[in-house]
Amino acid sequence: ETGTAKGFSSICMSRALIDNNINGTILTLDCIPHNEKIYWNNITDHSSKLTRKELLEQWDEELSNIIFLQGWTIPTLNCLGQKRINFAFLDAQHSKSSVLKEFRYISNLQEKGDIIFFDDVTQGLFDGVCEAVNEIEESYPYKIERLNFDRNRGYAIATKIKN
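Residues numbered from 1 in each chain as written. Predicted model: local features only at pLDDT ≥ 70, side-chain atom pairs only at ≥ 80, totals over all residues. Heavy atoms only, no water.

Participant: What exactly am I supposed to notice about empty space enclosed by the protein here?
Facilitator: Think of a ball as big as a water molecule: rolled over the atoms, this probe shows where empty space is left. All chains considered together, the criterion is met by one cavity of 30 Å³ or more. In this structure, the largest cavity is lined by L90, D91, A92, Q93, H94, V99, E102, F118, D119 and V129. (1 Å grid on protein atoms, 1.4 Å probe; cavity = no way out; pocket = protein on both sides within 12 Å on 5 of 7 lines; lining within 4 Å. Points joined across faces, edges and corners; volume = space filled by probe spheres on them.)

Participant: What am I meant to see in the pattern of salt bridges here?
Facilitator: Any two side chains of opposite charge can pair if their charged atoms end up close together. Going through the model one piece at a time under the given rule, you end up with 11 salt bridges. Here R84 ties to E111 by a salt bridge, and the two come within 3.5 Å at their closest N and O atoms. You can see R84 sitting in the loop between α4 (73–80) and β3 (87–90) and its partner E111 sitting in the loop between α5 (96–107) and β4 (115–118), a full 27 residues away along the chain. Look at E111 and you get partly exposed, because its relative accessible area is 38%. Notably, a salt bridge pairs R153 with D119, separated by 2.7 Å at the nearest N-O pair. A residue pair is termed long-range when its members are at least 10 positions apart, and R153 in strand β6 (residues 153–160) and D119 in the loop between β4 and α6 (127–139) qualify at 34 residues. D119 sits in the buried class, given a relative accessible area of 7%. Among the charged side chains, a salt-bridge network with shared partners connects R15, D19, E61 and E62. (Salt bridge = Lys/Arg side-chain N within 4 Å of Asp/Glu carboxyl O. Helix = DSSP H or I, 4+ residues; strand = E, 2+ residues; numbered from the N terminus. Buried < 20%, exposed > 50% of the residue type's maximum accessible area, 1.4 Å probe, protein only.)

Participant: Explanation requested: the sheet that holds β4 in the structure shown.
Facilitator: Backbone-to-backbone hydrogen bonds join strands into a sheet, with any given pair of strands oriented parallel or antiparallel. Across the sheet, which stays open at both edges, the four strands sit in the order β3-β4-β6-β5 with mixed pairing between neighbours. One side of each edge strand has no neighbouring strand; the edge strands of this open sheet are β3 and β5 (142–150). If you compare each strand with its neighbour and ignore which way they point, the axes differ by 15° on average. One ladder, built from four bridges, connects β3 with β4; its direction is parallel. The partner of L90 across the bridge, within β4, is F118. Of the strands in this sheet, β4, β5 and β6 touch α6, which is tilted by about 150° from β5. (Pairing = 2+ DSSP bridges. Axes fitted to C-alpha atoms, helices over the stretch in contact; angles between N-to-C directions. Contact = heavy atoms within 4.5 Å.)

Dropping the structure here:
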């Protein structure tokens, strides 16, 4: 996952692994350090700043599958040494060039049937993400399914259709 933020998506992905009895690890990265106390724009802000680790402490079982990494997306991805990425959730920087850089890195480590999930595919709010997804659909061997829940919330699921 790129763009950890509060860690909610990572917790959900981990829960899916657990519920389906799948052995896997979620690597999630963000420029915000995991142990830095900040306000998270949620209900816990009324009491004090928290670290992401503190914010997520009630999710012990889910946290066992997650590795939190701190850094900028592309330099950090280039240091990981992954051999395969079956599923990716992209939600970091929302410029077209950043999304395409993340996509290209991940695509090179995917095989037919692997998936990339794009958050914030919302025209008028995140045009860079939309433009990147359109280019991927036109130029890469991925089938794109768009999910538009309302005018402020859109996603895309890209499934690799050939190696």
